[in-house]
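As a plain string of letters, each chain reads:
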Amino acid sequence: MLFKETMNQQWEAGHQEGRIDILQEVIFESLEQYGKLPDTLVSKIKNEKDESVLKNWYRAASKAASLEDFTQNM
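Everything numeric here is computed off the predicted structure, so don't read it as measured data.

## What about the confidence of the model for the protein chain?
Consideration 1: The share of residues in the protein chain with pLDDT of 70 or more is 82%, and the mean pLDDT across the chain is 90.
Consideration 2: Predicted confidence in the protein chain is weakest over helix 1 (residues 2–31), with a mean pLDDT of 81, and strongest over helix 2 (residues 39–47), with 98.

As structure tokens, then:
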């Protein structure tokens, strides 16, 4: 029983990591129209592991009129 629970936890953790990676990538793709992103912004997005925060940032990135607009609404 313990082995199965451990495998399920690892599987779920892997899926969550995958969702986080995808969210980070779509944020970068949404912002690429504004040119090279500041290193501090790239680091902030890459270091964020909270899926709900990344979803909010994705929504903000897809609606942003500029990079400054995005950073103000993060």
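Here the narrative resumes.
## Comments concerning the side chain of Ser30
Consideration 1: With respect to the secondary-structure elements, Ser30 resides in helix 1.
Consideration 2: A relative accessible area of 17% means that Ser30 is categorised as buried.
Consideration 3: Not counting residues within four places of it along the chain, the set of residues in contact with Ser30 comprises Tyr58, Ala61 and Ser62.

## Things to note about helix 3 (residues 51–63)
Consideration 1: When the terminal C-alpha atoms of helix 3 are compared, their 19 Å separation across 13 residues agrees well with the 18 Å that a helix rising 1.5 Å per residue should span.
Consideration 2: The set of residues buried in helix 3 consists of Glu51, Leu54, Trp57, Ala60 and Ala61.

## Comments concerning the environment of Gln24
Consideration 1: Summarising the element assignment, Gln24 is placed in helix 1.
Consideration 2: Residue classification places Gln24 among the buried positions, given a relative accessible area of 7%.
Consideration 3: Residues Gln24 and Glu51, 27 residues apart in the sequence, show an inter-C-alpha distance of 9.5 Å.
Consideration 4: Those residues in contact with Gln24 that lie beyond four places of it in its chain are Ile45, Lys46, Asn47, Glu48, Lys49 and Leu54.

## With respect to the environment of Lys44
Consideration 1: Locating Lys44 in the fold gives a position in helix 2.
Consideration 2: Lys44 sits in the partly exposed class, given a relative accessible area of 45%.

## A look at the nonpolar core
Consideration 1: Within the largest apolar cluster, 15 residues are counted, with the highest numbers of intra-cluster contacts made by Ile27, Leu31, Leu41, Ile45 and Phe70.
Consideration 2: Elements with a contribution of two residues or more to this core: helix 1, helix 2, helix 3 and helix 4 (67–72).
Consideration 3: Ranked by residues supplied to this core, first place goes to helix 1 with five residues.
Consideration 4: Each residue touching Leu41, except ones within four places of it in the same chain, is listed here: Leu31, Leu67, Phe70, Thr71 and Met74.

Thresholds, definitions, all that
- Residues numbered from 1 in each chain as written.
- Predicted model: local features only at pLDDT ≥ 70, side-chain atom pairs only at ≥ 80, totals over all residues.
- Heavy atoms only, no water.
- pLDDT = per-residue confidence, 0-100.
- Helix = DSSP H or I, 4+ residues; strand = E, 2+ residues; numbered from the N terminus.
- Buried < 20%, exposed > 50% of the residue type's maximum accessible area, 1.4 Å probe, protein only.
- Contact = heavy atoms within 4.5 Å.
- Expected span 1.5 Å × (residues − 1).
- Core = buried A, V, L, I, M, F, W, Y, C linked by side-chain atoms within 4.5 Å.

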